[in-house]
Amino acid sequence: MSARIQAPRGTFDVLPEQAAARMQLEHVAREVLEGAGYQRIETPALEVTELFARGVGESTDIVQKEMYTFEDAGGRSLTLRPEGTAPVCRAYAEHGMHKWPQPVKLWYLSSFFRYERAQAGRYRQFWQVGAEALGSQDPAADAESIVLLATLLDRLGVRGLRLRLSSLGQLSTRLEYRERLQQHLRENADRLAPEVRDRIDLNPLRAFDSEHAGTREVMATAPRLIDQLAPEDAAHFADVRALLDAAEVAYEIDPTLVRGLDYYSRTVFEFTSDALGAQSGVGGGGRYDGLVEMLGGPPTPGIGWAAGIERILLAAEAPLAPAGAPVSLYVAADVDGQGEEKPTRRSAAFRIVTDARAAGLGAQLELAGRSAKGRLKHASRIGARYVAVVGDGETVLRDTEEGVEQTLDNNAVVHAVIRGLRDL
Ligand code: HAM
């Protein structure tokens, strides 16, 4: 026997039971988001590499070490999308969506790819549900976006939720702040973890993420961006908070909230769940007012979020109810004395199944050569109420719920099932 081939590290198969839970999740997401005027969008899994280099930011971990980037046979550098916001902004500019009524509200449920250290809740191919509203600066757009994610996670039964909120202000504030922070880090360089010290120039903000004791001490006295917001940004943030208060959404202000993407300005937020281990981030997002323009589109404000499907499912109270399609009818050709199915009976059975499906019934054909007893057991396993055993011109139709059977002309089977179901 040859060596067994396995799925690549950090990837997983979605088996039928999990697929049912995911379908249910998608159904709820659609209800929540489309009810608020969001429309579905899907962008390609492959994008030109520059989209993320420019959009997500050269200095981020994602761009530096987590992207699946390759040259295609035509010599172009392509990347498997590590996230969905830059692609949606690219699509907004590419399709002239600034001419549509604003804001343009879009949602997606797609798979993304990051070369990360695989562990529970962290994969190399994972799924996100995301929502982006482009074309409004209104703080109500921020609050609405956050409330929608809170509603979705609540409807899906995610346990132990906490919402952290902050504001990053505008680019000029952040650049000034970055210099101040770098100065603070340099003054205390000897107490910092080596990897934090090495990144003072490239990414000083990541120092807030460090678990290293010395670094944490240094960060406790570091200047805070939230204290240095320009008046208009501080006012925007105050409005967002007031709207969340009015909607009775609980949050904590966390000035150390660092998101791993460079495109954010003003509002940023993250939902975590106590039910998850180290990878506690269920979903997060924020405002990205400069992103569309950075990608060559018109100046366009934007706000949105994405939540990890696998993490939602891990943190959900009960497994989401599978919404499997109902099976009404299970059809088998009757066997003869030798246990063989006659070809004429097989084709009659096949015909009944196709007719039943054309009439809108859920129907399945016996395909594993089961015995009469095995058939009844299988019918109950798949949840079929009616079992049809097809003979020569005639079929025995059993209603397993009522425990009755009747013998009918083959042509009358589908009608009898429809009638029986209607009389329920
Ligand atoms: P993000 O925080 O990088 O944001 O990812 C959002 C969510 O995706 C995370 O909270 C987590 O649940 C899930 N996630 C991320 N990486 C992995 C992984 N390797 N395995 C499993 N789940 C993962 C974004 O991607 C932004 N595009 C969100 C956004 C939308 N901001 C504005 N609009």
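Residues numbered from 1 in each chain as written. Predicted model: local features only at pLDDT ≥ 70, side-chain atom pairs only at ≥ 80, totals over all residues. Heavy atoms only, no water.

1. With respect to the overall build of the chain
Turning to step 1, where the next piece is worked out: Along the backbone of the chain there are 14 helices and 16 strands.
Turning to step 2, where the next piece is worked out: For 424 residues, the compact-globule estimate of 2.2 N^0.38 gives 22 Å, and the C-alpha radius of gyration of the chain, at 28 Å, exceeds that figure by more than 25%.
Turning to step 3, where the next piece is worked out: By its C-alpha atoms, the chain is 90 × 55 × 45 Å across when sized along the principal axes.
Turning to step 4, where the next piece is worked out: For the chain, with 424 residues in total, the buried portion stands at 49%.
Turning to step 5, where the next piece is worked out: For the chain, the share of sequence-separated contacts (at least 6 apart) that also reach a separation of at least 24 residues comes to 68%.
Turning to step 6, where the next piece is worked out: About 21,600 Å² of surface is accessible on the chain, with carbon and sulfur atoms providing 50% of the total.
Turning to step 7, where the next piece is worked out: A gap of 4 Å separates the mean positions of the 49 positive and 60 negative side-chain charges of the chain. (Helix = DSSP H or I, 4+ residues; strand = E, 2+ residues; numbered from the N terminus. Rg over C-alpha atoms; globule rule 2.2 N^0.38 Å. Buried < 20%, exposed > 50% of the residue type's maximum accessible area, 1.4 Å probe, protein only. Contact = heavy atoms within 4.5 Å. Areas by Shrake-Rupley, 256 points an atom, 1.4 Å probe, with all protein chains shown as cover. Lys, Arg positive; Asp, Glu negative; His and termini not counted. Charge placed at Lys NZ, Arg CZ, Asp CG, Glu CD.)

2. Considerations on the sheet that holds strand S5 (residues 104–113)
Working definition: the strands of a sheet are paired by backbone hydrogen bonds and lie parallel or antiparallel to each other.
Turning to step 1, where the next piece is worked out: The sheet built from eight strands is open, its strands ordered S1-S5-S6-S11-S10-S9-S7-S8 with mixed pairing. Two strands in the sheet have a free side with no partner beyond their single neighbour: strand S1 (39–40) and strand S8 (252–253).
Turning to step 2, where the next piece is worked out: When S5 meets strand S6 (residues 125–134), the two strands line up antiparallel, connected through ten bridges. Bridging from a neighbouring strand, tryptophan 107 pairs with alanine 131 of S6.
Turning to step 3, where the next piece is worked out: With respect to the sheet, helix H1 (residues 16–34) is in contact with S1, S5, S6 and strand S11 (302–308), its orientation differing from that of S5 by roughly 160 degrees. (Pairing = 2+ DSSP bridges. Axes fitted to C-alpha atoms, helices over the stretch in contact; angles between N-to-C directions.)

3. A few points about the site of the ligand
Turning to step 1, where the next piece is worked out: Around the ligand, 26 residues are found, and the nearest of them are Glu83, Glu116, Glu132, Tyr264 and Val282.
Turning to step 2, where the next piece is worked out: A distance of 3.0 Å is found between a nitrogen atom of the ligand and a side-chain nitrogen or oxygen belonging to tyrosine 263.
Turning to step 3, where the next piece is worked out: Between the ligand and tryptophan 305, the relevant distance is 3.3 Å, taken from a nitrogen atom to a main-chain nitrogen or oxygen of the residue.
Turning to step 4, where the next piece is worked out: Contributions of two or more residues to the shell around the ligand are made by S6, strand S10 (281–287) and S11.
Turning to step 5, where the next piece is worked out: Per-element accounting of the shell around the ligand gives the leading share, six residues, to S10.
Turning to step 6, where the next piece is worked out: Here the shell around the ligand is built from residues that sort into nine nonpolar, ten polar and seven charged. (Near = heavy atom within 4 Å. Polar contact = N/O pair within 3.5 Å; in protein donor to acceptor, adjacent residues only side chain to side chain. Nonpolar A, V, L, I, M, F, W, Y, C, P; charged D, E, K, R; others polar.)

4. A short note on unusual backbone geometry
Turning to step 1, where the next piece is worked out: Residue proline 103 is bonded to the preceding glutamine 102 through a cis peptide linkage, with omega at -10 degrees.
Turning to step 2, where the next piece is worked out: The backbone of glutamate 248 shows a phi angle near 60 degrees, a positive value even though the residue is not glycine.
Turning to step 3, where the next piece is worked out: Looking at the secondary structure, you find glutamate 248 in the loop between helix H9 (231–246) and S8.
Turning to step 4, where the next piece is worked out: A positive phi angle, close to 55 degrees, is found at arginine 266, a residue other than glycine.
Turning to step 5, where the next piece is worked out: Within the fold, arginine 266 resides in strand S9 (residues 265–273).

5. Overview of the sheet that holds strand S2 (residues 46–48)
Turning to step 1, where the next piece is worked out: Reading across from one edge, S2-S4-S3 is the order of the three strands in this open sheet, with antiparallel pairing throughout. The strands lining the two open edges of the sheet, one partner per strand, are S2 and strand S3 (68–71). Across this sheet, the average inter-strand angle for adjacent strands is 35 degrees, counted without regard to direction.

6. Structural notes on the pairing of strand S7 (residues 161–167)
Turning to step 1, where the next piece is worked out: Among the seven residues of S7, five are classified as buried, and the element is accordingly described as predominantly covered.
Turning to step 2, where the next piece is worked out: Sheet analysis places S7 next to S9, joined by seven bridges and oriented antiparallel. Paired with serine 167 across the strands is threonine 267, a residue of S9.

7. Brief notes about the environment of leucine 244
Turning to step 1, where the next piece is worked out: In this structure, leucine 244 sits in helix H9.
Turning to step 2, where the next piece is worked out: Between the alpha carbons of leucine 244 and aspartate 289 there is a distance of 20 Å; along the sequence they are 45 residues apart.
Turning to step 3, where the next piece is worked out: With residues near it in sequence (within four places) discarded, leucine 244 still touches Ala143, Ile146, Val147, Leu165, Val249 and Tyr251.

8. As for the nonpolar core
Turning to step 1, where the next piece is worked out: If you look at the biggest cluster of nonpolar residues, it comprises 44 residues, and the most contacted ones within it are Leu134, Leu185 and Met219.
Turning to step 2, where the next piece is worked out: Of all the secondary-structure elements, those providing two or more residues to this core are helix H2 (49–55), helix H3 (61–66), helix H4 (85–94), S5, S6, helix H6 (171–187), helix H8 (213–220) and helix H10 (291–294).
Turning to step 3, where the next piece is worked out: At five residues, H4 tops the list of elements feeding residues into this core.
Turning to step 4, where the next piece is worked out: Not counting the four nearest positions on each side in its chain, leucine 185 is found in contact with Leu192, Ile200, Pro204, Ala207, Val218 and Met219.
Turning to step 5, where the next piece is worked out: Ala131, Ile146, Leu149 and Ala150 belong to the second-largest nonpolar core, a separate cluster that totals 42 residues. (Core = buried A, V, L, I, M, F, W, Y, C linked by side-chain atoms within 4.5 Å.)

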